[in-house]
Amino acid sequence: MGTDREKLVVIGNGMAGISTVEQILKLTKKFDITVFGSEPHPNYNRIMLSYVLEGSKTIDDIVLNDLNWYRENGITLHTGTTVAKIDEQAKEVVTVDGMRVPYDKVLIATGSNSFILPIPGSDKEGVVGFRDIADCNQMLEAAKTCRKAAVIGGGLLGLEAAKGLVQLGMDVTVIHLMEDLMERQLDHQAASMLKAELERQGIKFKMGAQTTELLGDTRVSGLRFADGTELAAEFVVMAVGIKPNVAVAKESGIEVNRGIVVNDYLQTSMDGVYSVGECTEHRGVCYGLVAPLFEQGMVLAKHISGVETAPYEGSVVSTKLKISGVDVFSTGEFIDGPEHTVIANKDDWKRTYKKILLKDGVMVGAVLFGDITDSAELQKLIKQRTVMTDELYDSLMGTGCCGGGGKKTTSVETMPDEEIVCGCNGVTKGTIVDVITNQGLTTVDEIKACTGATRSCGGCKPVVEQILQYVLGDGFKETAKQGICSCTTLSRDEIVAEIKEKGLHTTKEVMNVLGWSQPEGCSKCRPAINYYLGMLYPDTHEDEKESRFVNERMSANIQKDGTYTVVPRMYGGVTTPEELKRIADVSVKYDVKVVKVTGGQRLDLIGVKKEDLPKVWEELDMPSGYAYAKSLRTVKTCVGSQFCRFGTQDSMGMGATLERKFERLDFPAKFKLAVNGCPRNCAESCTKDIGIVGNDGGWEIFVGGNGGIKARLADSLCKVKTDDELIEIVGAVMQYYRETGNYLERTSEWVERIGLDAIKAAVVDDPENRKALMERIEFALKQVEDPWKKMLREGEQSGKLFNRLEVSNQL
Amino acid sequence: MEKEKEFYPVGALDEFLVQIGRVVEAGGRQIAVFRLSDGRVFAALNKNPHPKGGPLAEGIVSGHYLYDPLYDWKIDLTTGLVQAPDTGRAEMVPVKVEDGQVWIAAGALQPQ
């Protein structure tokens, strides 16, 4: 069967190898493909590791091709298998374990390794590079036990690693050999602005320092520098550079310089053997970035599939730093020499910097800091070696006083169809134009869903927007605005205003009147609109169960096997022997799989069958803990003055009071409280939506803390003297958040968006407004009822929700 | 006549809430039945097309689309096809509404 097909063996299961395979599969089915990868994972997006470290993505999120993909495309995948060499005589690829696989063509895409400085101590425990998932996991592990970290290397990777570690709560110093950060991508000016910004974000720097030794016994304990000074560190990341992984090529007798030498068609010196990506050296250059790898892959795919192609002639590289809040970009020649004409504009107020270099009037390089909206256009212009004109100058440097009208139509028009726009996912301009014209797509989100462009790092979004604008022409403007989901172009505030103004009362009405593109909305907007309606009309809005996410509809948390968890309320984390007995009895009777103590000081009965839920609630006879809801979850408390010798306030009592008062109300997102009896803060107020810390004369209130995906320490809002004041401030903050928060926006994001000062002004400094907020929340609280009791009361209706229909078996 | 016989009544239409899925079980098989707001009824094996599996019945129903309850995949109930950027297919089961009853293809209710 497969024997008459040509055998292609790919050595390396990373982005370069697999994106080339994807390109090949688009062109031909003539190959029987086998892939070898040393790592135990399928192909993942290495550029996104920074996000995994930072916590905004998981490893699953960054997998580009899951195992299904290999299966569906008939590719034989050997993970965790390292290839030793290519046996040219036998025409076989040989693995380290001695497996031999015959080939007609071989593609070497082994990428690169971290360059580990050859200094004493570099082999100690606690010293890692930053290249793969294993490194990333080690860093995540280290952050749990270590405090002080050092990152050697102030380049792109080093800074991303440093920011990730700071985000994980470590004290991080970046050690850099040069006086400027990212000196291979930035000029002195941009580098010093970058350093100042990163210092603001909590990274420390030691510049102009050469590390000569890593100290410690088996595990690293510090660094020594050339000037004899030392720095303590329990964990060291080496990010001084990469070196092409040429082991297989070398062992096989293929010509190797710094990288595997290839010609303009990516052919190595061995017949039938090709190479792409970071392991190659083309015209004397080894690339360490993603864009060239796609450009090489495309040329190779065409060549190997017998499709005519222009040769690969090298890439103009550009750089973007993936640290949130720090926008840096550079491309081409960016260090000015005597041969350059320099156009520069530095704005200390907005903290932006823009520099364009010309050589004989031709644009050859640029650096941007702070505002990188022009990055796509500059990259284009520089790649095409465009001659600077007065018109271009006006457009780029913004000399027009009223923000000149019809600019920015130039570059995408002339971009060739096969040029790659999205480097992370290898999407070309042609593909994007195709889906816009053939499938009628009108938003970047739709293009993302369809092609994957902008899905990963998002750096290409401006170009995708420009292509959209170019293809749609005048049709673009009306559709360009991004709404709360792809069903609408309206923002949250506009929707809420329209609901009030037009007196809309159901999600269906909202979607009809406001012109939703999908008449019944989607899983994003339906729950959101249902929430806004409930918030605006607490007494009259009829909650729409069908617009609730499953957990809120069932008042229980669905698990991956379709069973549910049940968490009853334990006010302030306090329970009684009687309750515990009931919990134990119910757990035995309904065969609960696990009884877990939650992080919020209560008990979680895991693995309850859907049809048993009403019975479990009835027999527990406890209120719902709302562990499934965007509502008040837990109020964590410490023991406090009732028993603790340090306690200054009754935290258990206050916790239970607040929980009883504010439970059951819908919020934009889940809401957690903590109450502490003294500043020792045993109940961890700093990571709660509202954290309360007792002191000798009253309470201090903190807001916007979060211990989840994006950890954030709560900000101090104010101090109060009495319990009544405390309850009023808490209620007012909650209501202010309910009225102004975006659906699914946690307070940690809300505080940053609205600003702590605005919240203070609304609830602390303005007693009138505080009273009004409090009245509104009290009114809303009057309308709520325990959902478990309600469902038991509504027996028949609930039956349709929970019970399956059994069909007798006499079919 | 033969064709008629291939369907089996599983419950009155008003046993099924609008836009909220319900599971019908027979012969150890679970079928998720969805009643749309326009009156149409669709049925699928209660098996999530996501590689991690799980149920389907508890998803959010919008028009003839279903957003699965575990991974938020968008599934076209008229074809079972998972919408881009995800791929896959939910196994749909023939179903009809007649005489105020929901009927499911008998073949789908039999143990496999």
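Residues numbered from 1 in each chain as written. Chains lettered and ligands numbered in written order. Predicted model: local features only at pLDDT ≥ 70, side-chain atom pairs only at ≥ 80, totals over all residues.

- If you check an unreviewed UniProt entry, chain B appears there as Nitrite reductase small subunit NirD from Paenibacillus faecis.

- In the nomenclature of an unreviewed UniProt entry, chain A is known as NAD(P)/FAD-dependent oxidoreductase of Paenibacillus faecis.
- UniProt's Pathway (unreviewed entry) comment on chain A is quoted here verbatim: "Nitrogen metabolism; nitrate reduction (assimilation)."
- Comment text from UniProt for chain A, heading Sequence similarities (unreviewed entry), reads "Belongs to the nitrite and sulfite reductase 4Fe-4S domain family." (UniProt positions renumbered as here; feature names shortened; annotations may be inferred.)

1. Considering helix H1 (residues 15-27) of chain A
All names here are of chain A.
- Helix length check: H1, at 13 residues, gives a terminal C-alpha distance of 18 Å against a target of 18 Å (1.5 Å per residue), a fit within 8%.
- All of the buried residues along H1 are Met-15, Ala-16, Gly-17, Ile-18, Ser-19, Thr-20, Val-21, Gln-23 and Ile-24.
- Here the buried face of H1 lies against strand E1 (6-11), strand E2 (31-36), strand E7 (105-108) and helix H8 (290-304). (Helix = DSSP H or I, 4+ residues; strand = E, 2+ residues; numbered from the N terminus. Expected span 1.5 Å × (residues − 1). Buried ≥ 20, exposed ≤ 12 C-beta atoms within 10 Å, placed from the backbone. Contact = placed C-beta atoms within 7 Å.)

2. A few points about the pairing of strand E32 (residues 632-637) of chain A
Residue and element names in this part refer to chain A.
- Across the 6 residues that make up E32, a large majority, 6, are buried.
- Here E32 runs beside strand E33 (residues 671-676); their pairing, made up of 4 bridges, is parallel. Paired with Leu-632 across the bridge in E33 is Phe-671.
- With helix H22 (residues 651-662) bridging E32 and its parallel neighbour E33, the resulting β-α-β unit is left-handed. (Pairing = 2+ DSSP bridges. Right-handed = clockwise from strand over helix to strand, strands pointing away.)

3. Notes on the nonpolar core
- If you look at the biggest cluster of nonpolar residues, it comprises 114 residues, and the most contacted ones within it are Ile-701 and Val-733 of chain A together with Ile-104 of chain B.
- Of all the elements, helix H23 (residues 723-740) of chain A adds the most residues to this core, at 8 residues.
- Ignoring any residue separated from it by four or fewer positions in sequence, one finds Ile-104 of chain B in contact with Phe-7, Tyr-8, Val-10, Val-24, Ile-31, Ala-43, Val-93, Val-95 and Leu-109 of chain B. (Core = buried A, V, L, I, M, F, W, Y, C linked by C-beta atoms within 7 Å.)

4. A look at the sheet that holds strand E24 (residues 352-359) of chain A
Residue and element names in this part refer to chain A.
- The 5 strands lie next to each other as E21-E22-E25-E24-E23, forming an open sheet whose pairing is antiparallel. The strands lining the two open edges of the sheet, one partner per strand, are strand E21 (318-320) and strand E23 (341-347). Ignoring strand direction, the axes of neighbouring strands in this sheet form an average angle of 10°.
- Direction of pairing for E23 relative to E24: antiparallel, over a ladder of 7 bridges. Its bridge partner being in E24, Asp-347 is matched across the sheet by Thr-352.
- Of the strands in this sheet, strand E22 (328-332), E23, E24 and strand E25 (362-369) are in contact with helix H6 (residues 188-200), which crosses E25 at around 15°. (Axes fitted to C-alpha atoms, helices over the stretch in contact; angles between N-to-C directions.)

5. Let's talk about the interface of chain A and chain B
- Taken residue by residue, the interface counts 27 residues in chain A and 33 residues in chain B.
- Counting only elements with at least two residues in the side of chain A that touches chain B, the list comes to helix H13 (444-451), helix H28 (795-802) and strand E37 (805-806) of chain A.
- Residues belonging to the side of chain A that touches chain B are distributed by class as follows: 11 nonpolar, 7 polar and 9 charged.
- With 2 bridges connecting them, E37 of chain A and strand E2 (residues 22-26) of chain B associate as parallel partners. Of the residues in E2 of chain B, the one forming a bridge with Glu-806 of chain A is Glu-25 of chain B. (Nonpolar A, V, L, I, M, F, W, Y, C, P; charged D, E, K, R; others polar.)

6. With respect to the environment of Ile-759 of chain A
Residue and element names in this part refer to chain A.
- Summarising the element assignment, Ile-759 is placed in helix H25 (residues 756-764).
- In this structure the C-alpha to C-alpha distance between Ile-759 and Tyr-737, which are 22 residues apart in sequence, comes to 9.0 Å.
- In contact with Ile-759, other than residues within four places in its own chain, are Val-703, Leu-717, Val-733, Tyr-736, Val-751 and Ile-754.

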